[in-house]
Amino acid sequence: MDGNGQAEAQKRALALGCIADDHTGATDLANTLARAGLSVVQTIGVPDPDLAIPAAEALVVALKIRSVPAQEAVSRARAAREMLVAAGAGHVLYKICSTFDSTDAGNIGPVTDALRADAGAAIVPVCPAFPGTGRTVYQGHLFVGDRLLSESPLKDHPLNPMRDADLVRVLSRQSAAPVGLVAHADVRAGAEAIGKRLAALAGEGRGAAIVDAVCDDDLIPLGQAALAHPVSTGASGLGHGLARALIASGRASESVSSALPPVGGPAVILAGSSSAATRAQLAAAQAFMPVMRIDAAAAIADPERALADALAFAREKLPSGPLAIATSAEPEVVAAVQARFGAGFAGAALEGLLARIAEHLVAYGLRRLVVAGGETSGAVVEALQIKALRIGAEIAPGVPATLALGAPAGALALALKSGNFGGEDFFARALEALP
Ligand SMILES: Nc1ncnc2c1ncn2[C@@H]1O[C@H](COP(=O)(O)OP(=O)(O)O)[C@@H](O)[C@H]1O
Ligand SMILES: O=C(O)[C@@H](O)C(=O)COP(=O)(O)O
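Starting afresh in each chain, residues are numbered from 1 along the sequence in its written order. Lettering of chains starts at A and numbering of ligands starts at 1, both following the order in which they are written. For this predicted model, a pLDDT threshold of at least 70 governs which residues receive local features, and a threshold of 80 or more governs which side-chain atom pairs are given and counted, while totals over whole chains, interfaces and linings are taken from all residues.

An unreviewed UniProt entry lists the protein under the name 3-oxo-tetronate kinase, with Salinarimonas ramus given as the organism. UniProt positions are given in the numbering used here, feature names are shortened, and annotations may be inferred rather than shown by experiment. The UniProt entry for the protein carries the following text under Sequence similarities (unreviewed entry): "Belongs to the four-carbon acid sugar kinase family." In its Function (unreviewed entry) section, the UniProt record describing the protein reads: "Catalyzes the ATP-dependent phosphorylation of 3-oxo-tetronate to 3-oxo-tetronate 4-phosphate."

Encoded structure:
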């Protein structure tokens, strides 16, 4: 093979396997890895062996396991790791939310424990920092912007309210083995110091260690140190560090991703996130497009009626331009809905409703779709039977434009937005950016 051939082959050899615990997290990570220079493919679930997916240096398997029972999350993550390792991945990153979304019953601890055991690893470095979106970790405490996690809007998350910012404590409650801390002084001292501290913590019998990172510069030594271990757990900041470490070590080569082909056609926004960011984005969108607010309690009580109303609204408005349909509500309203129906039941019912709306709209010819909310995105993508995503240009930090591959309905441009991401003008930007 000549020099060019070798470089081409290296560009396509899988180096990094990623298991994302939700679908917006997966596109966020795929976006970060692509921007760092890796060739990336995202699949929806563990791909069928006969699925023709382009070869890539990083493969992100999107699962919907953030809020399922821990045992189910563990078995699905294990199957994904097995596939990734068989495909050649030398390191597996378990992608969790940058706001550490989880409950005391799981799933970050149980999945991290299981992946460590399967990989025969001594310890797993864990870091949810994503400084580009204001998530930083200092002395093991997670900040969202200038607030501790427990004082941020995440304290009111509908499925996993985050009321403790001390991640060593949070992860300890979820883990079988004790959890340690690699504090910022070691991170500033570089990859070797992080490695030594991780080895010392492993020697004390700790199965995982929260690693501090307060700025982008910290991600480079973090990535180098993490790459020396078979498994790590974290968010996009760690993904960036791993990608740069792979390129620096010659295990991946820097490439420029190509633009997505144009799709065109009608566009709709579906919002199931009740985050403060999404609520502000919907309020801003109301100035330039029709927005239908679904009454969550009425919709759960009579989903067929809610579906028919939403479809009638879409049929009437879509010929004049984009529109939005949202179940999103203020925390007090969400709390009342949950008190009446139970949080899990209400969440699944509303996700299911938005997924059915998406299915009908795509059947009508919808070709460009923005979904706000991680769980919601998972439900929509699974209902549309999308098999993989090609990653395009970044719309906002953590949110790329994507092109759905393998869906029975054909070409579909998609943006899957984490509830918390994007500025107030996100929906306008997304509609412009979707090819
Ligand atoms: N009005 C509402 N009342 C109760 N739950 C809701 C309401 N609207 C949406 N939900 C549920 O809240 C959850 C939001 O999670 P998700 O889609 O992951 O958003 P985020 O990205 O903000 O976490 C989903 O399960 C969704 O169905
Ligand atoms: O790391 C992050 O913050 C995101 O990638 C993410 O996981 C988003 O989850 P949702 O807020 O549930 O969309």
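### Overview of the site of ligand 2
Each residue receives a C-beta atom built from its backbone; the residue is near a molecule or strand if that atom lies within 6 Å of it. Surveying the vicinity of ligand 2 reveals 16 residues, the closest of which are Gly25, Asp28, Ser98, Gly374 and Ser418. Counting residues per element, the shell around ligand 2 draws most heavily on helix α2 (residues 23–36), at three residues. Classes in brief: Ala, Val, Leu, Ile, Met, Phe, Trp, Tyr, Cys and Pro nonpolar; Asp, Glu, Lys and Arg charged; the others, Gly included, polar. Considering only residue class, the shell around ligand 2 consists of three nonpolar, 11 polar and two charged. Split by domain, the shell around ligand 2 shows at least three residues from each of two domains, domain 1 (3–248) and domain 2 (267–433). Secondary structure elements are taken from DSSP: a helix is a run of H or I of four residues or more, a strand is a run of E of two residues or more, and numbering for both begins at the N terminus. These domain boundaries are the output of an automatic or database domain assignment.

### What to know about the site of ligand 1
Taken together, 24 residues lie around ligand 1, and Ser273, Ala296, Gly347, Gly373 and Gly419 are the ones closest in. If you list the elements that add at least two residues to the shell around ligand 1, you get α13 (331–341), α14 (343–364) and α15 (374–383). In terms of residue class, the shell around ligand 1 is built from nine nonpolar, 13 polar and two charged.

### Comments concerning the UniProt feature "domain: Four-carbon acid sugar kinase N-terminal" (unreviewed entry) in the protein
Listed under "domain: Four-carbon acid sugar kinase N-terminal" (unreviewed entry) in the UniProt record, and renumbered for this structure, are residues 16–241. This span, residues 16–241, is 39% helix and 20% strand, and a straight line between its end C-alpha atoms measures 12 Å.

### Brief notes about the packing of α13 against α14
Helix axes use the C-alpha atoms of the stretch in contact, all axes being lines fitted to C-alpha atoms, and the angles between their N-to-C directions lie in the range 0 to 180 degrees. Contact geometry for α13 and α14: axes closest at 7 Å, N-to-C directions at 110°. Between α13 and α14, the interaxial angle falls into the category roughly perpendicular. Within the contact between the two elements, α13 uses Val337, Gln338 and Phe341 and α14 uses Ala343, Phe345 and Ala346. Orientation categories follow fixed angle ranges, with anything under 35 degrees roughly parallel, anything over 145 roughly antiparallel, 65 to 115 roughly perpendicular, and all other angles oblique. What counts as a contact is two residues whose backbone-derived C-beta atoms lie within 7 Å of each other.

### Considerations on the domain arrangement of the protein
The parts lose accessible area when they come together, and the size of an interface is often stated as this lost area. Taken domain by domain, the protein comprises domain 1 (3–248) and domain 2 (267–433). For domain 1 versus domain 2, the separation of C-alpha centres amounts to 27 Å. Every contact between the two is made by 29 residues of domain 1 and, on the other side, 31 residues of domain 2. Elements represented by at least two residues in the side of domain 1 that touches domain 2 include exactly α2 and β2 (40–44). It is α2 that contributes the most residues to the side of domain 1 that touches domain 2, nine residues altogether. Among the residues forming the side of domain 1 that touches domain 2, the class breakdown is 11 nonpolar, 12 polar and six charged.

### Notes on the nonpolar core
The nonpolar side chains of a soluble globular protein tend to be buried with one another. With 145 residues, the main nonpolar core has Val60, Ala77, Ala209 and Leu270 as its most contacted residues. Looking at this core, the element that brings in the most residues is α14, giving nine residues. In terms of domain composition, this core takes at least three residues from each of domain 1 (3–248) and domain 2 (267–433). Residues contacting Val60, with those up to four places away along its chain left out, are Cys18, Ala20, Ala26, Leu29, Ala30, Val40 and Gln42. A set of buried Ala, Val, Leu, Ile, Met, Phe, Trp, Tyr and Cys residues, joined through C-beta atoms within 7 Å, is what we mean by a nonpolar core. Labels follow a simple rule on C-beta atoms placed from the backbone: if 20 or more others lie within 10 Å of a residue's own, it is buried; if 12 or fewer, it is exposed; otherwise it is partly exposed.

### Structural notes on the environment of Ala329
Looking at the secondary structure, you find Ala329 in the loop between β14 (323–326) and α13. With 20 C-beta atoms packed within 10 Å, Ala329 lands in the buried category. C-alpha of Ala329 to C-alpha of Ile294: the two residues are 35 residues apart in sequence and 9.2 Å apart in space. With residues near it in sequence (within four places) discarded, Ala329 still touches Ser274, Ala296 and Val334.

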